[in-house]
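Breakdown of the fold
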Amino acid sequence: MQDQPILVIGATGKTGARIVRKLIEKGENVRAGSRHAPIPFDWDDPETWAPALSGAGAVYVSYFPDLAFPGASDKIEALTALARSAGVERLVLLSGRGEPHAQLCEGIVVRSGIDYTLVRASWFAQNFSEGYLVEPALNGEITLPAGDVREPIIDVDDIADVAVAALTEDGHKGELYEVTGPELLSFADAAAELSRHMGREVAYRPISLDDFHADMTGIAGDFVADVLTEICRITLDGRNEYVTDGVERALGRPATDFAAFCRKAAASGFWKRAA
Ligand SMILES: NC(=O)c1ccc[n+]([C@@H]2O[C@H](COP(=O)([O-])OP(=O)(O)OC[C@H]3O[C@@H](n4cnc5c(N)ncnc54)[C@H](OP(=O)(O)O)[C@@H]3O)[C@@H](O)[C@H]2O)c1
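Residues take numbers from 1 onward in each chain, read along the sequence in its written order. Since the coordinates come from a predicted model, pLDDT governs what is reported: local features require at least 70, and pairs of side-chain atoms require 80 or more to be given and counted, while whole-chain, interface and lining totals use all residues. Note that water and hydrogens are dropped before the side-chain values are worked out from all heavy atoms of the structure.

**Brief notes about the sheet that holds strand E4 (residues 90-96)**
For the record, the criterion: Note on pairing: DSSP must find at least two bridges between two strands before they are called paired. Numbering of helices and strands runs from the N terminus; a helix is a DSSP stretch of H or I covering at least four residues, while a strand is a stretch of E covering at least two. Think of each axis as a best-fit line through the C-alpha atoms, taken over the contacting stretch in the case of a helix, with angles from 0 to 180 degrees between the N-to-C directions. Whether two residues are in contact is decided by their heavy atoms, any of which lying within 4.5 Å being enough.
The six strands are arranged E2-E1-E3-E4-E5-E8 in an open sheet whose pairing can be described as parallel. Looking along the sheet, the strands with just one partner apiece sit at the ends: strand E2 (30-33) and strand E8 (176-179). Going across the sheet, the axis of each strand differs from the next one's by a mean of 15 degrees, ignoring polarity. Pairing geometry for strand E1 (residues 6-9) and strand E3 (residues 58-61), over four bridges, is parallel. Each residue of the ladder has a partner; that of Val8, found in E3, is Tyr60. Together, E1, E2, E3 and E4 form the strand contacts of helix H1 (residues 14-25), whose direction differs from that of E1 by roughly 160 degrees.

**Description of the state of the cysteines**
Test applied: A pair of sulfur atoms, both from cysteines and within 2.5 Å, is called a disulfide here.
Under the definition given, this model contains zero disulfides. The thiol sulfur of Cys105 is not disulfide-bonded, and the nearest other cysteine sulfur, from Cys232, lies at 18 Å.

**Observations concerning the nonpolar core**
Quick reminder of the rule: We define the nonpolar core as a collection of buried residues of types Ala, Val, Leu, Ile, Met, Phe, Trp, Tyr and Cys that are connected through side-chain atoms lying within 4.5 Å of one another. Residue burial is assigned from relative accessible area. The probe radius is 1.4 Å, only protein chains are included, and a residue is buried under 20% of its type maximum, exposed over 50%, and partly exposed in between.
Counting residues in hydrophobic clusters, the biggest one holds 31 residues, and the most contacted among them are Phe128, Ile142, Ile153, Phe187, Leu194 and Phe258. Elements that contribute at least two residues to this core include exactly helix H5 (134-138), strand E6 (141-144), helix H7 (187-198), helix H8 (209-220), helix H9 (222-235) and helix H11 (258-267). The greatest single-element share of this core, amounting to five residues, is contributed by H7. Dropping the residues within four chain positions of it, Ile153 is found in contact with Ser122, Trp123, Phe124, Ala125, Phe128, Gly181, Glu183, Leu185, Phe187, Ala190 and Phe258. One finds Leu23, Ala121, Val164 and Leu167 within the second-largest nonpolar core, a separate group that totals 27 residues.

**Notes on the side chain of Asp158**
Rule in force here: Nitrogen and oxygen atoms within 3.5 Å of one another constitute a polar contact, given that in protein one can donate a hydrogen and the other can accept it, and given that sequence-neighbouring residues count only through two side-chain atoms.
Along the polypeptide, Asp158 turns up in helix H6 (residues 156-168). Here Arg253 takes part through its side chain, which lies 2.9 Å from a polar atom of the side chain of Asp158. The residues contacting Asp158, other than those within four sequence positions of it, are Val247, Leu251, Arg253, Ala255 and Thr256.

**Regarding the packing of aromatic side chains**
What counts is decided by this rule: Two rings from Phe, Tyr or Trp (for Trp, the six-membered ring) form a pair when their centres sit within 6.5 Å of each other. Planes less than 30 degrees apart are called stacked, planes more than 60 degrees apart edge-to-face, and all others tilted.
One pass over the full model with this rule turns up eleven aromatic pairs. Aromatic side chains Trp43 and Trp49 sit 5.8 Å apart centroid to centroid with 75 degrees between the ring planes, which places their arrangement in the edge-to-face category. Take Trp43 and Trp49: they sit in the same class, and that class is buried. When the ring of Phe69 is compared with that of Phe223, the centres are 6.1 Å apart and the planes differ by 75 degrees; the resulting orientation is edge-to-face. With Phe69 in the loop between E3 and helix H3 (72-85) and Phe223 in helix H9, this residue pair connects regions lying 154 residues apart in the sequence. Since its relative accessible area comes to 10%, Phe69 is described here as buried. Counting every residue linked through ring pairs, the aromatic cluster contains Trp123, Phe128, Phe187, Tyr204, Phe258, Phe261 and Trp271.

**Points about H7**
Which entries qualify depends on this criterion: Working rule for helices: expected span equals 1.5 Å times residues minus one.
An ideal rise of 1.5 Å per residue puts 16 Å on twelve residues; H7 measures up with 16 Å between its terminal C-alpha atoms. Phi turns positive, to about 70 degrees, at Gly199, one or two residues after H7.

**Focus: the site of the ligand**
The criterion, for reference: Consider each residue's heavy atoms; a residue with any of them within 4 Å of a molecule or strand counts as near. For accessible areas, the Shrake-Rupley method is used with a probe of radius 1.4 Å. Any residue's cover is judged against the shown protein chains and nothing else.
Taken together, 22 residues sit near the ligand, with Thr12, Ser34, Arg35, Tyr63 and Asp66 positioned nearest. Contacts to the ligand include Ser34, whose side-chain N or O atom sits 2.6 Å from an oxygen atom. Take Trp43: an N or O atom from its main chain is 2.9 Å from a nitrogen atom of the ligand. Protein coverage of the free-state accessible area of the ligand, which is 900 Å², stands at 85%.

**Some points on the packing of H8 against H9**
Convention followed: Should the near helix be turned counterclockwise from the far one by less than a right angle, the crossing is left-handed, whereas a clockwise turn marks it as right-handed. Under the grouping applied here, Gly and all other residues not named as nonpolar or charged are polar, the nonpolar ones being Ala, Val, Leu, Ile, Met, Phe, Trp, Tyr, Cys and Pro and the charged ones Asp, Glu, Lys and Arg.
In the contact formed by H8 and H9, the axes pass within 8 Å of each other and the chain directions differ by 145 degrees. In this structure, the crossing between H8 and H9 has a hand that is right-handed. Of the residues in H9, those touching H8 at Leu209, Phe212, His213, Met216, Thr217 and Ala220 are Asp222, Val224, Ala225, Asp226, Leu228, Thr229, Cys232 and Arg233. Taken together, the residues of the contact of H8 with H9 sort by class into eight nonpolar, three polar and three charged.

Set out below in structure tokens:
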């Protein structure tokens, strides 16, 4: 246990909430980084960063909405500089696979002068249970511009375990953990597995990038649609179609498979809604 607080940025999000819980269970001193925390942290308000970093010994950095958004690398640069001057001794960055902008941000952390661990993650299983695909899954159809590409979908609990280890244990300094699930699944495979556990048929319908862009423009506007479409274009083109041993290397145990994630999500009641 460390005396200095561990700041968890993104403390109410998919990885952050788990990391906060797991750190508290370990008896660590945790400071939530959230716009609604007692010491608020807001990526859009740099005035909030110094108070949140003050006295922290280690920081988990989950950027929102995504490291590929314009301006993200400037904010990571400014945050890491501030963290260094505040005396932070350890940084753990959540990054994404196959994203040049995310890799740019990894480089900033590597050169920050602070001990670091990079956690470069594949597509989150929890996108289907806590993220933007919950409603589509509950409504029976997932549409993505993913064709028949296969993705090693990861259980976010594994990411949280890796991050907690990196934040609290020795032996992870300077590591790049590329973390994936243990198997490659097409989104049709994932939909079939979801159907088995959600108690309803879930279909996958591949759509074109143009149609995805049009759908996203309707939901979130042109700017967000542009960025999300670009992220899909570069991450779902087959470049990430491989499994890695990052979870095993960091934790000494295999990554959780998608069926196990589905069983857990079903038992947690995430998908309870009248059919
Ligand atoms: N989803 C994936 O498949 C995937 C894969 C690889 C990497 N990643 C990376 O994971 C990271 C998190 O992605 P996610 O979509 O899963 O989100 P998430 O961790 O679920 O984060 C959502 C949280 O972000 C916080 N937030 C929103 N705006 C904020 C702001 N202006 N300042 C501070 N906090 C803010 C909100 O917390 P408060 O309301 O409490 O402030 C919210 O709870 C991203 O960097 C993404 O690139 C995601």
